[in-house]
Amino acid sequence: MSTGPNLPALRDVVASHGLGADKRFGQHFLFDLNLTTKIARLCGDMSGADIIEIGPGPGGLTRALLAEGARRLVAIEKDPRFITALDHLREAYRERFTAIEADALSADEAELARAAGSAGPFIIASNLPYNVGTPLVLKWLQAEPVWWRRAVLMFQKEVAERIVAEPGSSAYGRLAVMAQSRAACRLAFTLPARAFTPPPKVDSAVVVLEPLPEDARFKDVHALEIVTASAFGQRRKTLRRSLAQAASQTASTADALLHAAGLDPGARAETISIKGFQALASAWRTARS
Ligand code: SAM
């Protein structure tokens, strides 16, 4: 595998541009090419897709994605210092690489990539800033129509575990229900905190998401949010009690909603399957309209 033509060492890029990690932007860098290559390979065949990378920082993962064959890569970075620091990748990869200064939380990434000449379909790749990892993945999961075909995302380990959690586990909650109602989710591997510079306080894990087919994707994400917020907001209580808040927004009662969804009012939220929550969301929607 080649790392590309004449690229300066990553640590030199950081040193020569005075790129001290800025905590406000959740900056923890990966310098180990073996690790970044392992993450890049989770994108699968990159010949038929364009990559959107969120938060390239000094470009460790970016290099690996380009070296592993990214047809085109559009990087979206909030910290303007890195846009100039990534000039060496622009010189080496020319039209295959574009860096755009934007906040991924508010940006329309696909639109930015299209304006930069990418046609899609898109694969999202990111070593996500911890402070915005959850809102960003929720934004991508809830997007309809779905504009990405795979997402390879590094989270703090605890968040990764909450995304892939199964009913009955302590990590199972709103995030698992939302994520698995919209995408197939798997935890690929974990990384110790020491793999990053500077090391964060917690370990990390990479999650691979693939949107579920159109007919399997649960569409009413708003209703799903309402019922999961209510049910998991008081997870020790029975659903009959914890769902009172969601039911109060309808002409129905918690018991009637649960009955309509075929769920036991005496059960607790963490025992209810993904499909069970979807049935509850549909019952809430019917009772509200
Ligand atoms: N990809 C690099 C790596 O693996 O070494 C850096 C990863 S670092 C954990 C997160 C990166 O996301 C930083 O470069 C940070 O400036 C950037 N970032 C933070 N918040 C962002 C936002 N809202 N939109 C876009 N980029 C953001």
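Residues numbered from 1 in each chain as written. Predicted model: local features only at pLDDT ≥ 70, side-chain atom pairs only at ≥ 80, totals over all residues. Heavy atoms only, no water.

**Details of the overall build of the protein chain**
Next, step 1: Helix and strand content of the protein chain: 14 helices and nine strands.
Next, step 2: The principal-axis extents of the C-alpha atoms in the protein chain amount to approximately 65 × 40 × 30 Å.
Next, step 3: Each of the 289 residues in the protein chain was classed as buried or not, and the buried ones make up 51%.
Next, step 4: Within the protein chain, residue pairs in contact and separated by at least 24 positions form 71% of the contacts whose partners lie at least 6 positions apart.
Next, step 5: Of the roughly 12800 Å² of accessible surface on the protein chain, a fraction of 51% belongs to carbon and sulfur atoms. (Helix = DSSP H or I, 4+ residues; strand = E, 2+ residues; numbered from the N terminus. Buried < 20%, exposed > 50% of the residue type's maximum accessible area, 1.4 Å probe, protein only. Contact = heavy atoms within 4.5 Å. Areas by Shrake-Rupley, 256 points an atom, 1.4 Å probe, with all protein chains shown as cover.)

**Some details on the site of the ligand**
Next, step 1: Around the ligand there are 21 residues in total, and Gln27, Gly55, Glu77, Asp103 and Asn127 lie nearest to it.
Next, step 2: Note that a nitrogen atom of the ligand is positioned 3.3 Å from one of the backbone N or O atoms of Lys78.
Next, step 3: In isolation the ligand exposes 600 Å². Once the protein is present, 98% of that is buried.
Next, step 4: Elements supplying a minimum of two residues to the shell around the ligand: β1 (29-30) and β3 (73-77). (Near = heavy atom within 4 Å. Polar contact = N/O pair within 3.5 Å; in protein donor to acceptor, adjacent residues only side chain to side chain.)

**Side note on the packing of helix α2 (residues 33-41) against helix α3 (residues 60-67)**
Next, step 1: Here α2 crosses α3 at 60 degrees, and the two axes come no closer than 8 Å. Between α2 and α3, the crossing angle belongs to the class labelled oblique. The hand of the α2/α3 crossing is right-handed. Counted together, Leu33, Thr36, Thr37, Ile39 and Ala40 of α2 and Gly60, Leu61, Ala64 and Leu65 of α3 form the full contact between these two elements.
Next, step 2: Its residues placed into classes, the contact of α2 with α3 shows six nonpolar, three polar and no charged. (Axes fitted to C-alpha atoms, helices over the stretch in contact; angles between N-to-C directions. Parallel < 35°, antiparallel > 145°, perpendicular 65-115°, else oblique. Left-handed = near helix turned anticlockwise from the far one by under 90°. Nonpolar A, V, L, I, M, F, W, Y, C, P; charged D, E, K, R; others polar.)

**Points about the packing of aromatic side chains**
Next, step 1: Evaluated as defined, the whole model comprises five aromatic pairs.
Next, step 2: Considering the side-chain rings of Phe232 and Phe277, the 5.2 Å spacing of their centres and the 35 degrees angle between planes classify their relative orientation as tilted. Of this pair, Phe232 sits in helix α10 (residues 221-233) while Phe277 sits in helix α14 (residues 274-288); the two residues are 45 residues apart in sequence, bridging distant segments of the chain. Each member of the pair, Phe232 as well as Phe277, is classed as buried.
Next, step 3: The side chain of Lys38 reaches across the aromatic face of Phe189, ending 4.2 Å from its centre. (Phe/Tyr/Trp six-rings, centres within 6.5 Å; stacked < 30°, edge-to-face > 60°. Lys NZ or Arg CZ within 6 Å of the ring centre and 35° of its normal.)

**Describing the sheet that holds strand β7 (residues 183-191)**
Next, step 1: Strand order in this open sheet of seven strands is β4-β3-β2-β5-β6-β9-β7, and the pairing throughout is mixed. Of all the strands in the sheet, just β4 (97-101) and β7 have a single pairing partner and so form its edges. Taken over all neighbouring pairs, the strand axes of this sheet differ in orientation by 20 degrees on average, direction set aside.
Next, step 2: One ladder, built from five bridges, connects β3 with β4; its direction is parallel. Opposite Glu77, over in β4, you have Glu101 as the bridge partner.
Next, step 3: Lying on the sheet, α3 is in contact with β2 (50-54), β3, β4 and β5 (122-127); it crosses β2 at an angle near 170 degrees.
Next, step 4: Lying over the sheet, helix α8 (residues 157-164) contacts β6 (148-156), β7 and β9 (204-211), oriented at roughly 135 degrees with respect to β6. (Pairing = 2+ DSSP bridges.)

**Digging into the packing of helix α9 (residues 174-182) against α10**
Next, step 1: Between α9 and α10, whose axes approach to 9 Å, the crossing angle comes to 155 degrees. Taken together, the axis directions place α9 and α10 in an arrangement best described as roughly antiparallel. Of the two elements, α9 crosses α10, and the hand of that crossing is right-handed. Taking contact as the criterion, the partners of Arg174, Val177, Met178, Ser181 and Arg182 in α9 are, on α10, Val221, Leu224, Glu225, Thr228, Ala229 and Phe232.
Next, step 2: A class-by-class count of the residues in the contact of α9 with α10 yields six nonpolar, two polar and three charged.

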